[in-house]
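Descriptive structure summary
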Protein chains: 2
Amino acid sequence: MTERKASATIAVDAMGGDLGYKEVVAAVVKSLPSIDPKDKILLFGNEDLLKAELAIKGLAQSKQVSICPTTQVIEMTDKPTLSIRQKKDSSLVRAIEAVKAGEADVAMSCGNTGSLMACSTLRLRQMDGVDRPALATVFPTPENHFILLDAGANPNAVSRNLVHNAVMGSEYAKVALGLKNPRVALLTIGTEEGKGTDLINSTHAVLREVPESQMNYVGLIEGFHLFDNSADVVVCDGFTGNIVLKVCEGLFHCLKDFAKDEMTKNPIRKIGALLTMGAFKNMKHRINPERYGGAPLLGLNGNVIKAHGSSNSDAIASAIKIGFDMVHLDLKEETRLHIEAANQLMDSISEQ
Amino acid sequence: MTERKASATIAVDAMGGDLGYKEVVAAVVKSLPSIDPKDKILLFGNEDLLKAELAIKGLAQSKQVSICPTTQVIEMTDKPTLSIRQKKDSSLVRAIEAVKAGEADVAMSCGNTGSLMACSTLRLRQMDGVDRPALATVFPTPENHFILLDAGANPNAVSRNLVHNAVMGSEYAKVALGLKNPRVALLTIGTEEGKGTDLINSTHAVLREVPESQMNYVGLIEGFHLFDNSADVVVCDGFTGNIVLKVCEGLFHCLKDFAKDEMTKNPIRKIGALLTMGAFKNMKHRINPERYGGAPLLGLNGNVIKAHGSSNSDAIASAIKIGFDMVHLDLKEETRLHIEAANQLMDSISEQ
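Just so we're clear, the structure is a prediction, and the values are computed from it rather than from any experiment.

Digging into the interface of chain A and chain B
With 59 residues of chain A in contact, the opposing surface of chain B contributes 59 residues. Surface buried jointly by chain A and chain B totals about 5,200 Å² across both partners, of which 75% is contributed by carbon and sulfur atoms. Counting across the chain A and chain B interface gives 2 salt bridges. Of the charged contacts in the structure, one is a salt bridge between A:Glu222 and B:Lys246, with a shortest N-O distance of 2.8 Å. Counting the contacts that link chain A with chain B gives 4 residue pairs in polar contact (both at pLDDT 80 or more).

Overview of the pairing of strand 5 (residues 134-140) of chain A
All names here are of chain A. For strand 5, the tally of buried residues reaches 7 of 7 residues, placing the bulk of the element in the interior. Covered by surrounding structure in strand 5 are Ala134, Ala136, Val138 and Pro140 together with Leu135, Thr137 and Phe139, the residues of both alternating faces. Pairing geometry for strand 5 and strand 10 (residues 294-298), over 2 bridges, is antiparallel. Each bridged residue has a counterpart across the sheet, and for Leu135 the counterpart in strand 10 is Leu297. Bridge count between strand 5 and strand 6 (residues 145-149): 5 bridges; the pairing is antiparallel.

Comments concerning the pairing of strand 6 (residues 145-149) of chain B
When you tally the buried positions in strand 6 of chain B, you get 4 out of 5 residues, the bulk of the element. The turn joining strand 5 (residues 134-140) of chain B and strand 6 of chain B, which pair antiparallel and follow one another in sequence, is formed by 4 residues.

So, the packing of aromatic side chains
In total, this model carries 6 aromatic pairs over all chains according to the counting rule given. Grouping aromatic residues by their ring pairs yields a cluster made of A:Phe139, A:Phe146 and A:Phe227.

Quick word on the sheet that holds strand 5 of chain B
All names here are of chain B. Spatially, 3-2-1-4-11-10-5-6-9-7-8 is the arrangement adopted by the 11 strands of the open sheet, whose pairing is mixed. Pairing within the sheet leaves two strands with one partner each, and these edge strands are strand 3 (65-69) and strand 8 (216-222). With strand direction ignored, the average angle separating the axes of adjacent strands in the sheet is 25 degrees. Note: strand 1 (residues 9-13) against strand 4 (residues 106-109), 4 bridges, orientation parallel. By the bridge assignment for strand 4, Asp13 is matched with Ser109. The strands that helix 2 (residues 47-56) touches are strand 2 (40-45) and strand 3; relative to strand 3, the one it contacts most, it runs at about 165 degrees. Strand contacts of helix 11 (residues 313-328): strand 1, strand 2, strand 4, strand 10 (294-298) and strand 11 (303-307), with the helix running at about 165 degrees to strand 11, the strand carrying the most contacts.

Concerning unusual backbone geometry
All names here are of chain A. Along the chain, Leu149 connects to Asp150 via a cis peptide bond; the corresponding omega equals 10 degrees. Within the secondary structure layout, Asp150 lies in the loop between strand 6 and helix 6 (159-176). For Asn229, which is not glycine, the phi torsion reads 65 degrees and is therefore positive. One non-glycine residue, Asp330, lies in the positive phi region at around 50 degrees. Relative to the elements of secondary structure, Asp330 occurs in the loop between helix 11 (313-328) and helix 12 (331-351).

Points about the relation of the copies chain A and chain B
With an RMSD of 0.0 Å, chain A superimposes on chain B once it is rotated by 180 degrees and translated 0.0 Å along the axis. Read as a symmetry element, the transformation amounts to a two-fold axis. Proximity to the rotation axis, assessed at the C-alpha, singles out A:Gly272 in chain A; its C-alpha lies 1.9 Å from the axis. A shared interface surface links the copies, since 100% of the contact residues of chain A are contact residues in chain B too.

Points about the state of the cysteines
For the structure on display, the rule yields 0 disulfides over all chains. The closest cysteine sulfur to the non-disulfide-bonded A:Cys254 is located on B:Cys248, 9.2 Å from its own sulfur. No disulfide involves B:Cys119; its sulfur sits 15 Å from that of B:Cys68, the nearest cysteine. For B:Cys119, a relative accessible area of 2% gives the class buried.

As for the layout of surface pockets
The volume enclosed by the largest pocket comes to roughly 1,000 Å³. What lines the largest pocket is a set of 29 residues, among which A:Ala259, A:Met263, A:Phe280, B:Ala259 and B:Phe280 lie closest to the centre. When contributions to the lining of the largest pocket are tallied by element, the ones reaching two or more residues are helix 8 (238-263), helix 9 (267-275) and helix 10 (277-287) of chain A together with helix 8 (238-263) and helix 10 (277-287) of chain B. Sort the elements by how many residues they give to the lining of the largest pocket and helix 8 of chain B lands first, with 7 residues. Residue classes in the lining of the largest pocket are distributed as 17 nonpolar, 3 polar and 9 charged.

Criteria and cut-off values
Residues numbered from 1 in each chain as written. Chains lettered and ligands numbered in written order. Predicted model: local features only at pLDDT ≥ 70, side-chain atom pairs only at ≥ 80, totals over all residues. Heavy atoms only, no water. Contact = heavy atoms within 4.5 Å. Buried area = accessible area lost by both parts, 1.4 Å probe. Salt bridge = Lys/Arg side-chain N within 4 Å of Asp/Glu carboxyl O. Polar contact = N/O pair within 3.5 Å; in protein donor to acceptor, adjacent residues only side chain to side chain. Buried < 20%, exposed > 50% of the residue type's maximum accessible area, 1.4 Å probe, protein only. Helix = DSSP H or I, 4+ residues; strand = E, 2+ residues; numbered from the N terminus. Pairing = 2+ DSSP bridges. Phe/Tyr/Trp six-rings, centres within 6.5 Å; stacked < 30°, edge-to-face > 60°. Axes fitted to C-alpha atoms, helices over the stretch in contact; angles between N-to-C directions. Least-squares fit on C-alpha atoms with pLDDT ≥ 70 in both. Disulfide = S-S within 2.5 Å. 1 Å grid on protein atoms, 1.4 Å probe; cavity = no way out; pocket = protein on both sides within 12 Å on 5 of 7 lines; lining within 4 Å. Points joined across faces, edges and corners; volume = space filled by probe spheres on them. Nonpolar A, V, L, I, M, F, W, Y, C, P; charged D, E, K, R; others polar.

Written out as structure tokens, the structure reads:
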């Protein structure tokens, strides 16, 4: 993969996150040193608020950052399809529209997931050859990271969708994890318990036929091996993926709270807790599932990144950085080419 | 639920676990004080080995423990259906046959999961009104326990199977968790991301109609809330359940190893680790997903418990205890009655 696009513009929904527009502006400040001088950031949101905040941060005259005034905000509790119809001048909808109109190359929002997915899918439409988009999440582990997809965009997936998820995840891993030949695995259950599902078996039958030059498919993976560096991309349907994501978040928080509780139960443990505080900070920093804010919605005619609602400025800055990388490395075109090859393979298999 | 069966007999596969027959005999020793004096334990396995081990433990003359000699052992690597055909005199097959013949009320094995499920299903057959059995696992959390089912017996589940899982899980929770009115929830994904699956929606539509006197259905639950005491029984298909189980085990071990690594990185942390050791022992003791050895295969004409392959004597003793409780509290009959009511409800809904 080579750099192709010399400059890129990101449309940022500045109003959608739980922590508010100030956190988004703080993220922009953090992003600027690491992005290309030609890259531009468009901030969609309340003009007065954003203007004041940019002035405080010394960015009032920045040539890289500009404000696109909007008058509405989609709330986390708004209903997805209704909100995008009724709030056409919201920061979220307008950011997507900017990508649709070619004014931006990628959109990023910490806002309402359902609204972002509905608006992106309706306005940008699926990429040629892809039936359903997929949400890709980066999972941190002690040794590395892996990408899980689909994390919830398409809960009723068929085999063809899973093959596309594998292709899209493989290409995205090249951008987000910087890997040349990411190991792609298909999530399944222990062969000792059952024989997996028909969906898994038929998908595996296709993926094993994909040439190595197209994808490094390493086969089936069980849940137990997600965190032991067995794969870089874990493919599943949106129902399973969303449950895995949420269960991991739930278990992580439960263990964290439990450890805190146990470690403050008596004075001796409290001293021990102080001495080991660095260890826990490191763990939280390296493997908190919420840390990686950016989850792209792959398979559309345009790049869209959903950041976690509670993203802080670090997470938003990392999502902005990945957004620019997606454009510079032309993820969309690379994905389109590999999807085309995969569809040809599936056609030839079904003709046999 | 009232105690009905005055005495019970458990058929124990003494040869199947990773830790060998000595661990099983050690578990029997631990069980004896807590079981009814009329209850009996049949140990299936190598006569010489078991005789010698029972003699060492002072149980040679026990009226509660006896040996049923078998000549074969199903290995963990054996193929399920082949193994049960070729090894008819194995401890695993013979323990199930004892239940089939009415010589025992419940069978327990730490052996090959696939072989145990195949043999149980083939020989005992499904209970009247149940189409597919389900494997139920107890998950420990800091505050309580919950039962997840199906953990892998039926990966290709339809709505009717999930309704049965809810009924079977509810009845089992009364026995295993000692609850009078267990809260039953259906596992789904965030409504913000998608609309769940057709399978979930149709199952939810039935479960919400089940009268409160039959089941305490509390509605849909997301993965994030599994560990925060929102439900006592979490219902899902065998594919999702097995993945949740394995992912939790994987994440737990990954975090444990990571914490160990971080806490021994420098001398100060090592001192801290010593001072907080009790906290970690407590955590491991209370929430290690592997600790709870017994997972019953529900919905058959006979009680069968699968214990984890690596179960130690504590886990096996706990599985034996639950096995006796299942018989004394007549789980099979209670389940049959509730399944009958659920099937009548589904019939009446489909007639409307």
